[in-house]
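Each chain, letter by letter, is given below.
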Amino acid sequence: MYVYGGHEYNLGIFSDFHKINVSNSATTYNWVEIPKPKKLDESPSLQVIPVAYPGPRARHTAIVHDDKMYLYGGLKNSTENTSEFWAFDFKEQTWSPVESAADSALPPSLDSHSADLWIPEDNNAMMIVFGGFIGGERGELSNHVLSFNFASQRWETLWENQALQKEEQAPSFPAQRMCHGSCIHDNKLYIFGGADEDSKFGDLWCFDLNAKTWQLLSAEGESPEVLLPLIFGLSD
C-alpha cells in the first residue's frame, strides 16, 4: 500500500511518500518512507539537485494501473489546486508526468474529486473522475464525469458540469459536490454522499458509463452517516 501527501491543520500540506507491505505473506508490518527523488548535477560541483515529482498535495486522487500509480489533481497549497497528472512506476520507483495527446482537451484544476479505474469491454483502461472543486477563475463545485484513456492519452467529458435548478423536486442527475465516495462495478459508476457549500448529501447515484445516463437509487434501511471526506469500495 502506498500513501502520498495529505494535510494536517497545523503543519499544512505534505509531500511525504510512504509504503507498507500488507500482503498475506507479511509477518510484520513496517512503514517505509520513499525518499524525494534527487540526482547529481553534471557540473564539476556535483551538487545534488531535486528531480521533478508531484510536491505537496492534498485532496488528490490515486489509482493503480499496469504497475503504476496515477495521481491526479489536488491542492498544492491552501489556495491553489492543480490539474497535474503524475505516474509513479512501482518497478523503477520513479515519478514522471503523464502526457496528454496534443489534440486532447485538458481537465480543469480540481480537488476533492473522486477517481476510479474502469476497464470496459474493449480493454482500453480509463480513469474516471467525478465531481470536486474546480479552481482558478471558475471557483465552483462540479458534477462532471471525465475520462482519461490510457491507450490514446485523451481526456473526454462523459457528462458536462451543470447545476440543478433549485425548484427541481425530482432531479435527474446528482447535485454538484465534493468529498464524496465512488466506485465502479459492471460498467457503472456509483456515487455516494459528499457536500456542497451549504449541506452534506446522503444520496446514492449510479452513472451508466456506456449509456451516459444517471439513476438515483432508492435504498431501504438507515443510510450511513455522511462523513467527509468519504471513501467506499466493493466486495464480491
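About the thresholds
Residues numbered from 1 in each chain as written. Predicted model: local features only at pLDDT ≥ 70, side-chain atom pairs only at ≥ 80, totals over all residues. Heavy atoms only, no water. Helix = DSSP H or I, 4+ residues; strand = E, 2+ residues; numbered from the N terminus. Buried < 20%, exposed > 50% of the residue type's maximum accessible area, 1.4 Å probe, protein only. Contact = heavy atoms within 4.5 Å. Pairing = 2+ DSSP bridges. Axes fitted to C-alpha atoms, helices over the stretch in contact; angles between N-to-C directions. pLDDT = per-residue confidence, 0-100. Patch = residues over 30% accessible without salt bridge, like charges linked within 9 Å, V, L, I, M, F, W, Y side chains within 5 Å. Areas by Shrake-Rupley, 256 points an atom, 1.4 Å probe, with all protein chains shown as cover. Salt bridge = Lys/Arg side-chain N within 4 Å of Asp/Glu carboxyl O.

## Some remarks on the environment of Gly 6
Part 1 of the reasoning: Tracing the sequence through the fold places Gly 6 in strand β1 (residues 2–8).
Part 2 of the reasoning: Given a relative accessible area of 19%, Gly 6 falls into the buried group.
Part 3 of the reasoning: Remark: the alpha-carbon pair of Gly 6 and Asp 16, spanning ten residues in sequence, is separated by 8.1 Å.
Part 4 of the reasoning: Setting aside residues no more than four positions away along its own chain, Gly 6 makes contact with Gly 12, Ile 13, Phe 14, Arg 57, Ala 58 and His 60.

## A closer look at the sheet that holds strand β6 (residues 61–65)
Part 1 of the reasoning: With antiparallel pairing, four strands are arranged side by side in an open sheet as β6-β7-β8-β9. Each of the sheet's edge strands pairs with one partner strand only, and the pair in question is β6 and β9 (94–97). Each strand of the sheet is rotated relative to its neighbour by a mean of 25°, with strand direction disregarded.

## Considerations on the pairing of strand β7 (residues 68–72)
Part 1 of the reasoning: Counting buried residues in β7 gives four out of five residues, a clear majority hidden from the surface.
Part 2 of the reasoning: When β6 meets β7, the two strands line up antiparallel, connected through five bridges. Within β7, the residue paired with Val 64 across the bridge is Met 69.
Part 3 of the reasoning: Between the antiparallel neighbours β6 and β7 lie two residues, among them Asp 66 with a positive phi of about 50°.
Part 4 of the reasoning: Here five bridges tie β7 to strand β8 (residues 85–89), and the two strands are oriented antiparallel to one another. Counterpart to Lys 68 in the pairing with β8 is Asp 89.

## A closer look at the sheet that holds strand β15 (residues 181–185)
Part 1 of the reasoning: Ordered by their spatial adjacency, four strands build an open sheet running β15-β16-β17-β18, and the pairing between neighbours is antiparallel. Two strands lie at the open edges of the sheet, namely β15 and β18 (213–216), each paired on one side alone. Recorded for the sheet is a direction-independent mean angle of 20° between the axes of neighbouring strands.
Part 2 of the reasoning: Bridging between β15 and strand β16 (residues 188–192) involves five bridges; their strand directions are antiparallel. Residue pairing in the sheet places His 185 in a bridge with Lys 188 of β16.

## Some words on the pairing of strand β14 (residues 154–159)
Part 1 of the reasoning: As paired elements, strand β13 (residues 140–149) and β14 share five bridges and run antiparallel to each other. What sits directly across from Asn 149, in β14, is Arg 154.
Part 2 of the reasoning: Two successive antiparallel strands, β13 and β14, enclose a turn made up of four residues, where Gln 153 displays a positive phi of approximately 60°.

## So, the confidence of the model for the protein chain
Part 1 of the reasoning: The predicted model of the protein chain averages 89 in pLDDT, with 89% of residues at 70 or higher.
Part 2 of the reasoning: For the protein chain, strand β5 (residues 48–50) is the element with the lowest average pLDDT, namely 54, and strand β11 (residues 114–118) is the one with the highest, namely 98.

## Let's talk about a nonpolar patch on the surface
Part 1 of the reasoning: On the surface, a cluster of nonpolar side chains totalling about 540 Å² of accessible area is made up of Met 1, Val 3, Val 22, Tyr 29 and Trp 31.
Part 2 of the reasoning: Mapping Tyr 29 onto the fold places it in the loop between β2 (12–19) and β3 (32–33).
Part 3 of the reasoning: Classification of Tyr 29 by relative accessible area gives exposed; the value is 51%.

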